[in-house]
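Architecture at a glance
Each chain, written out:
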Amino acid sequence: MPYEPPPELNALSLAQVADLLAARKLPPAADWSPRITGDSEMTIRADGRWFHQGGEIRRHAMVRAFASLILREADGRHWLVTPVEKLSIEVEDAAFIAVDVRQDEGSLVFRLNTDDLVIAGREHPIRVEGDPETPAIYLGVRNGAEARLNRSTYGQLVEMALAGGELAVSSQGETFGLVPA
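Analysis parameters
Think of each chain on its own: its residues are numbered from 1, step by step along the sequence as written. The predicted origin of the model limits local features to residues at a pLDDT of at least 70 and limits the giving and counting of side-chain atom pairs to 80 or more, whereas totals for whole chains, interfaces and linings rest on all residues. For the side-chain quantities, the full set of heavy atoms in the structure was used; hydrogens and water were omitted. Whether two strands pair depends on DSSP finding at least two bridges between them. Only DSSP runs of H or I covering at least 4 residues are called helices, and only runs of E covering at least 2 are called strands; the numbering of each starts at the N terminus. Comment: axis = line fitted to C-alpha atoms, over the contacting stretch for helices; angle = value between 0 and 180 degrees taken between N-to-C directions. Between two residues, a contact is recorded if the distance between any of their heavy atoms is within 4.5 Å. One speaks of a salt bridge when a side-chain nitrogen belonging to Lys or Arg is within 4 Å of a carboxyl oxygen belonging to Asp or Glu. Accessible area is worked out with a 1.4 Å probe on protein chains only. A residue is then buried under 20% of its type maximum, exposed over 50%, and partly exposed in between. A patch consists of residues whose relative accessible area exceeds 30% and which take part in no salt bridge; residues with like charges are grouped when within 9 Å of each other, and nonpolar side chains (Val, Leu, Ile, Met, Phe, Trp, Tyr) when within 5 Å. Shrake-Rupley sampling with a 1.4 Å probe provides the accessible areas, and residues are treated as covered by the protein chains on show and by no other component. It is the directions from the helix axis to the C-beta atoms whose arc is reported. Within this scheme, the nonpolar core is defined by two criteria: the residues are buried Ala, Val, Leu, Ile, Met, Phe, Trp, Tyr or Cys, and they are joined through side-chain atoms within 4.5 Å.

Things to note about the pairing of strand β1 (residues 36–44)
Strand direction decides the pairing type here: β1 and strand β6 (residues 85–91), joined by six bridges, are parallel. Residue Gly38 lies in a different strand from β6, and its bridge partner there is Leu87. Between β1 and strand β2 (residues 50–52), which pair antiparallel in sequence order, lie five residues; one of them, Gly48, sits at a positive phi of approximately 90°.

This is how it looks when you write it as structure tokens:
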């Protein structure tokens, strides 16, 4: 069955996003403990492009499938995990890129470069790195992996924050500052 991306983010209500999230069956990568480990020979570049043995993976459905298997350990290493094997994957910055954001009913909904949708909150926090001149904003996605906000999504988030009178945003009852500490 061919992959059909979800509708544009602005066309979705929070309830529709929740339904799409519930319908997506992700593998339980964090629960698997394979004994075989190795190297996937894959790299996710800082711009979100995926490579295998130096060649770019251009099929979006393949990238989306691999992305569902990503796990990031506490030491920062990323892995592609299946029930049988755990393969290292080089990630230059973040495993995902947040390419759009929408505010709806007190929640921030992000679309990733893999067409995944993520609602910021306690389980998917927003964190800021860098310095005030060049901040880098990240969103927790799943299994320890994060998405870095691209420039336009960062701009959208700052506009939302400024509309609220301070450089912070709220989602699902959690407040996230947008200025590096």
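From this point on, the discussion continues.
A look at the pairing of strand β14 (residues 174–177)
Pairing of strand β13 (residues 168–171) with β14 involves four bridges; the strand directions are antiparallel. When the sheet's bridge partners are listed, Val169 is paired in β14 with Phe176. Where β13 folds back onto β14 in an antiparallel hairpin, the turn is made up of two residues, including Gln172, whose phi is positive at roughly 50°.

With respect to the sheet that holds strand β8 (residues 107–112)
A sheet is described by the order of its strands in space; here six strands give the open sequence β9-β8-β7-β12-β11-β10, paired in mixed fashion. Edge positions in the open sheet fall to β9 (117–119) and β10 (126–131), since each of these has one partner strand only. Averaged over all neighbouring strand pairs, the angle between strand axes comes to 40°, with direction disregarded.

Notes on the environment of Lys86
Note that Lys86 resides in strand β6. For the pair Lys86 and Ile70, spaced 16 residues apart in the sequence, the C-alpha separation amounts to 9.8 Å. Among residues more than four places away in sequence, those in contact with Lys86 are Pro34, Ile36, Thr37, Gly38, Glu73, Trp79, Leu80 and Val81.

Section: the pattern of salt bridges
Evaluation of the coordinates by the stated rule reveals 17 salt bridges. Salt-bridge contacts for Asp93 lead to Arg148; the nearest nitrogen and oxygen are separated by 2.8 Å. With a gap of 55 residues between them, Asp93 in the loop between β6 and β7 (96–104) and Arg148 in strand β12 (residues 145–149) connect regions that are remote in the sequence. In this structure Asp93 comes out as partly exposed when scored by relative accessible area, which is 26%. We note a salt bridge from Arg102 to Asp104, for which the minimum N-O separation is 3.6 Å. Connected through shared salt-bridge partners, Arg24, Arg64, Asp116 and Arg142 make up one network.

A closer look at a nonpolar patch on the surface
There is a patch of nonpolar side chains on the surface, built from Leu162, Leu167 and Val179 and spanning about 260 Å² of accessible area. By the element assignment, Leu162 lies in helix α3 (residues 151–163).

Description of the sheet that holds β6
Here six strands make up an open sheet; going across it, the order is β3-β2-β1-β6-β5-β4 and the pairing mixed. Unpaired on one side and paired on the other, β3 (55–56) and β4 (70–72) mark the two borders of the sheet. Where helix α2 (residues 60–67) meets the sheet, its contacts fall on β1, β2, β4 and β5 (78–81), and the angle it forms with β2 comes to roughly 90°.

Re α2
Listed as buried for α2 are Val63, Arg64 and Ala67. Buried residues of α2, viewed axially, fall in a sector of 100°; they line one side.

Focus on the environment of Asp19
Take Asp19: it is sitting in helix α1 (residues 14–23). Taking the C-alpha atoms as reference points, Asp19 and Phe66, 47 residues apart in sequence, are found 23 Å from one another.

Quick word on the nonpolar core
Formed by 35 residues in total, the largest nonpolar core has its most connected members in Trp50, Leu108, Phe110, Ile126 and Leu157. For this core, the leading source of residues is α3, giving four residues. Dropping the residues within four chain positions of it, Leu157 is found in contact with Val101, Leu108, Phe110, Ile137, Leu149, Val169 and Leu178. Membership of the second largest hydrophobic core comes to seven residues, among which are Leu9, Leu12, Val17 and Val109.

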